[in-house]
2 protein chains.
Amino acid sequence: MSYKNFPMVPRVIFGRGSFNQLSELLSPNRLSNAAPFIFLVDDVFRTEINVTSRIPISYQDRIVYVSTKEEPKTSQVDALVEDIILTSKERPSGIIGIGGGSILDLAKAVAIMLTNEGNAEDYQGWDLVKNKAIYHVGIPTISGTGAEVSRTTVLTGPTRKLGINSDFTPFDQVVLDPEMTNGAPKEQWFYTGMDCFIHCVESLKGTYLNAFSRTYGEMAYNICKEIYLDGKLSKKEAQDKLMMASWHGGMSIAYSQVGVAHAMSYGLSYLLGTKHGIGNCIVFNHLEEFYSEGVKLFKKMVEIHNIKLPTGICADLSDKDLDTMIGIALSLEPLWENAVGKNWKKIITPKKLKALYIKM
Amino acid sequence: MSYKNFPMVPRVIFGRGSFNQLSELLSPNRLSNAAPFIFLVDDVFRTEINVTSRIPISYQDRIVYVSTKEEPKTSQVDALVEDIILTSKERPSGIIGIGGGSILDLAKAVAIMLTNEGNAEDYQGWDLVKNKAIYHVGIPTISGTGAEVSRTTVLTGPTRKLGINSDFTPFDQVVLDPEMTNGAPKEQWFYTGMDCFIHCVESLKGTYLNAFSRTYGEMAYNICKEIYLDGKLSKKEAQDKLMMASWHGGMSIAYSQVGVAHAMSYGLSYLLGTKHGIGNCIVFNHLEEFYSEGVKLFKKMVEIHNIKLPTGICADLSDKDLDTMIGIALSLEPLWENAVGKNWKKIITPKKLKALYIKM
């Protein structure tokens, strides 16, 4: 048996207001005055002066606002990289992602593609990246995805939705400032937090689980219950703890994998463009068969927070579309093996997935 | 308010038998055939062929067996560094510590002192190290100290017991192989595990606590209870989980601090040479006033595992000796501030510590 040598984020700062220390974190990493820091920032912050005015811009540094209405695409990464190369005198000193999972994944992918030839789609898979990425920093503004700590960056390419999984993917620096999540709309707060809850369930119920993943996963799972079920924490405490749950939930997947909800949600995203957080929730709501206790708790949380999950999103799909979704979902073999075991192909058939999809 | 930018161990491998992958982990880090890897190994393994035969020795690599009957000393670090410099053709490729907290701390300190001038005692304190240490790897063979993940290396110097706390202290690579803890004697298993339990109590009850430290601390605390109180886990499960508790417990101190037990235990070690794990237990047993719930649980664990804590170790000490111990304990200001608050000097007087010490 051979174990993975897991790369961890080598530097993390945690604290309310720690975003204000960004300048002192970046300065020692500036390569030259002509080598800019590029800030990839979620477009929703364009008018948030409280955030933008605190982004430390010097010399040739640039803020690039990026819409996250759609899930991140390989073509979007390629376009960003081309733009950065064309507008920078020298290779950038670093890429700083400020936003949710989409922005964090884009920042990781852009940092990789600035030192690796070809197109982003060439690197979708496991351990295909050849060269170290440039210095990259992740600053989450919503909690739950685990993108701040993971060794993947999930992208929709021309033929599949799949991450760039590599030892060079993790951020060099993460800033965990719970105040940055102040402005998250309630529904997004719910769906993104549920991303954490759901991947903890998938990790804890998976066949790949070991003590490393279990201890991180249980911690994050319990925090999600404390926040979304018990609801006794103050707003600040809940923000602080949810940011840590996201971190620990991401660490939980280091040695395990996600499972059925993520695999099927990738199918929804690929075909319908469904965003990751809400897609997970739409799928997970129908997975009692695989995760009975988790789904029971999830339904309670949906009720407590008065969330209206979309329904009927697959009702009008053609057989061809359904087959496309099923194909995407089934291609994620490690997820199914983790969820159901080595013989998963005997249990998880296209027919079974079709029956599940048309309920959604 | 300014927050610490915490350095994390950038690479970790976890799994039963992962020690067998040591060669593949080290190889890419070999600088040249004349730049050896130096393995600092606890002397108790000298006759453990199952361990020694699996240490991957090539070229000029050397195993140095180190006795851990005493707590690690700055003079011991200096002697090891001198020996390594005199016997190696080139600066070593790396230092690999295989053992408990003493060996791990020695490995970290030796790696630092190979690139920094002067003597180890010059660096006891906070952020005094100037140059990056050489590549260093930690492989714990007993669980609880957190030395595998911390940014300190605690040493007894000529004038004090104090760590070399720096961003260069943490290991570059940690190997968490729970099978390596197979041979730990029961009493040592208990005392070292209690090191974890006690520093979690100190962190969780401290004034420095934030959500980062709290979530790690609670996880480790709960695992300790599961192992030492409930006792329902299989031997393997307990080994696996205790190794993770040690890791998480160490992370918990990143943003907080230890407290009363550690401060007073340092005094015992300095004067009497009491080993850290047992010293913590001897002190903690008398700290109901500060940690009532923790001490209650601790006493139960002592009873369940039929541990005979030494008593009367301070009974015959002179006033001068007691004053020395009290001086060492009181010098650890951050620990007291964490434990009791900014006004700790009003509460923690030499008289109070004397009354506690003479009960031990």
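This structure is a prediction, so every number in the text was calculated from the model and none was measured.

So, on to the overall build of chain A. Helix and strand counts for chain A come out as 14 helices and 10 strands. A compact globule built from 360 residues would reach a C-alpha radius of gyration of about 21 Å, and chain A, at 20 Å, matches this within 12%. Residue burial in chain A is summarised as follows: out of 360 residues, 61% are buried. When the accessible area of chain A is evaluated, it comes to approximately 14,200 Å², of which 50% is carbon and sulfur surface. For chain A, the centre of its 38 positive side-chain charges and the centre of its 39 negative side-chain charges are spaced 4 Å apart.

The transformation that overlays chain B on chain A combines an axial shift of 0.0 Å with a rotation of 180°, and the residual RMSD is 0.0 Å. Expressed as an axis order, the relation between the two copies is that of a two-fold axis. For chain B, the residue whose C-alpha comes nearest the rotation axis is proline 10 of chain B, separated from it by 2.5 Å. Taken together, the interface assignments show that 100% of the residues at the interface of chain B recur at the interface of chain A, consistent with an identical surface on both copies.

Moving on, we come to the sheet that holds strand β2 (residues 11-14) of chain A. Spatially, 7 strands are ordered β4(A)-β3(A)-β5(A)-β7(A)-β10(A)-β2(A)-β1(B) in an open sheet, and the strand pairing comes out mixed. Both edges of this open sheet fall to β4 (62-66) of chain A together with β1 (5-7) of chain B, since each of them pairs with a single strand only. Between one strand axis and the next, the sheet turns by 20° as a mean value, whatever way the strands run. Set on the sheet, helix α7 (residues 235-252) of chain A makes contact with β2, β7 (136-140) and β10 (173-176) of chain A; between it and β10 of chain A the angle comes to about 150°.

Let us look at the pattern of salt bridges. Residue and element names in this part refer to chain B. In total, this model carries 40 salt bridges over all chains according to the counting rule given. Between lysine 345 and glutamate 333 there is a salt bridge, with its nearest N and O atoms 3.6 Å apart. Of the two residues, lysine 345 sits in helix α13 (residues 344-347) while glutamate 333 sits in helix α12 (residues 333-340), which places them 12 residues apart along the sequence. What makes lysine 345 exposed here is its relative accessible area of 55%. Under the relative-accessibility criterion, glutamate 333 is labelled partly exposed at 39%.

On to the domain arrangement of chain A, then. All names here are of chain A. In terms of domain boundaries, chain A breaks down into domain 1 (11-181) and domain 2 (186-359). Computed over C-alpha atoms, the centres of domain 1 and domain 2 are 25 Å apart. The interface of domain 1 with domain 2 comprises 30 residues on the first partner and 27 residues on the second. There are 2 salt bridges connecting domain 1 and domain 2. For the salt bridge of aspartate 240 with arginine 16, the shortest nitrogen-to-oxygen distance reads 2.6 Å. Among the secondary structure elements, those contributing two or more residues to the side of domain 1 that touches domain 2 are β2, β8 (154-156), β9 (161-165) and β10. Broken down by class, the residue content of the side of domain 1 that touches domain 2 amounts to 12 nonpolar, 10 polar and 8 charged.

Rules used throughout
Residues numbered from 1 in each chain as written. Chains lettered and ligands numbered in written order. Predicted model: local features only at pLDDT ≥ 70, side-chain atom pairs only at ≥ 80, totals over all residues. Heavy atoms only, no water. Helix = DSSP H or I, 4+ residues; strand = E, 2+ residues; numbered from the N terminus. Rg over C-alpha atoms; globule rule 2.2 N^0.38 Å. Buried < 20%, exposed > 50% of the residue type's maximum accessible area, 1.4 Å probe, protein only. Areas by Shrake-Rupley, 256 points an atom, 1.4 Å probe, with all protein chains shown as cover. Lys, Arg positive; Asp, Glu negative; His and termini not counted. Charge placed at Lys NZ, Arg CZ, Asp CG, Glu CD. Least-squares fit on C-alpha atoms with pLDDT ≥ 70 in both. Contact = heavy atoms within 4.5 Å. Pairing = 2+ DSSP bridges. Axes fitted to C-alpha atoms, helices over the stretch in contact; angles between N-to-C directions. Salt bridge = Lys/Arg side-chain N within 4 Å of Asp/Glu carboxyl O. Domains from an automatic or database assignment. Nonpolar A, V, L, I, M, F, W, Y, C, P; charged D, E, K, R; others polar.

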